[in-house]
Amino acid sequence: MADLAKRQRWRYAKNIIEGTSTLTENMDRDTFTESKAKKNLFDRLTDIELRTQQDKKIPEKELSENFIWAGTHLYASHEDEFFLVRKLVSIPFKIFTSKAMEFGISIWVWISRARPSVHARLFAEIAKNWEWTLRRRKGLFSPSLKYSRSKYF
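Treat the numbers as computed from the prediction; the structure is a model and nothing was measured.

## A short note on the packing of helix α4 (residues 82-95) against helix α6 (residues 119-136)
Between α4 and α6, the shortest axis-to-axis distance is 9 Å and the interhelical angle comes to 30°. On the basis of the axis angle, α4 is roughly parallel to α6. Crossing geometry of α4 relative to α6 is assigned as right-handed. Listed contacts from α6 to Phe82, Val85, Arg86, Val89, Ser90, Phe93 and Lys94 of α4 are Arg121, Leu122, Glu125, Ile126, Asn129, Trp130, Trp132 and Thr133. Classifying every residue of the contact of α4 with α6 by side-chain character gives eight nonpolar, three polar and four charged.

Below is the structure:
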């Protein structure tokens, strides 16, 4: 199953790089440049991040497509584009649902293996965002999870 998902991801990534994906359909094929793709990608990720801050629901398909697109761009880029790493890590932590974290972890593992040069930055961002969840008391750290310490200690 993991191999099938990996093959599908690479096939999808190939379509993005070639400009045949629906994510690049509004762009002129003849003048498709890295800077336009980068701006479009940055705008999409920023929009998702803003909607998460407003507690709006992000469709799973949109989230996975944009994560794959960002991961593909990071993989294909000759530069270590840390703004992408930052967005790829912060968005799942801000949404903090099991599906968002699953998409995030999948892309993090993929990027970590594909681009060893961003490995350290990726894990630094993960640690920073994990600390953010602690401070914001999300997930396991939420006070709404009522448990008694005396029961366990």
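## Observations concerning the pattern of salt bridges
Oppositely charged side chains are able to pair whenever their charged atoms sit close together. Per the stated rule, a full pass over the model turns up 11 salt bridges. Here Lys38 ties to Glu81 by a salt bridge, and the two come within 3.6 Å at their closest N and O atoms. Of the two residues, Lys38 sits in helix α2 (residues 34-53) while Glu81 sits in the loop between α3 (60-76) and α4, which places them 43 residues apart along the sequence. Residue Glu81 is classed as buried on the basis of its relative accessible area of 4%. Through salt bridges that share partners, Asp47, Arg51 and Glu62 make up one connected network.

## A closer look at helix α5 (residues 98-114)
The end-to-end C-alpha distance of α5, which contains 17 residues, comes to 24 Å, matching closely the 24 Å that a straight helix rising 1.5 Å per residue would cover. Within α5, burial applies to Ala100, Met101, Phe103, Gly104, Ile107, Trp108, Trp110, Ile111 and Ser112.

Rules used in this analysis
Residues numbered from 1 in each chain as written. Predicted model: local features only at pLDDT ≥ 70, side-chain atom pairs only at ≥ 80, totals over all residues. Heavy atoms only, no water. Axes fitted to C-alpha atoms, helices over the stretch in contact; angles between N-to-C directions. Helix = DSSP H or I, 4+ residues; strand = E, 2+ residues; numbered from the N terminus. Parallel < 35°, antiparallel > 145°, perpendicular 65-115°, else oblique. Left-handed = near helix turned anticlockwise from the far one by under 90°. Contact = heavy atoms within 4.5 Å. Nonpolar A, V, L, I, M, F, W, Y, C, P; charged D, E, K, R; others polar. Salt bridge = Lys/Arg side-chain N within 4 Å of Asp/Glu carboxyl O. Buried < 20%, exposed > 50% of the residue type's maximum accessible area, 1.4 Å probe, protein only. Expected span 1.5 Å × (residues − 1).

Coordinates in, geometry out; function isn't part of it.
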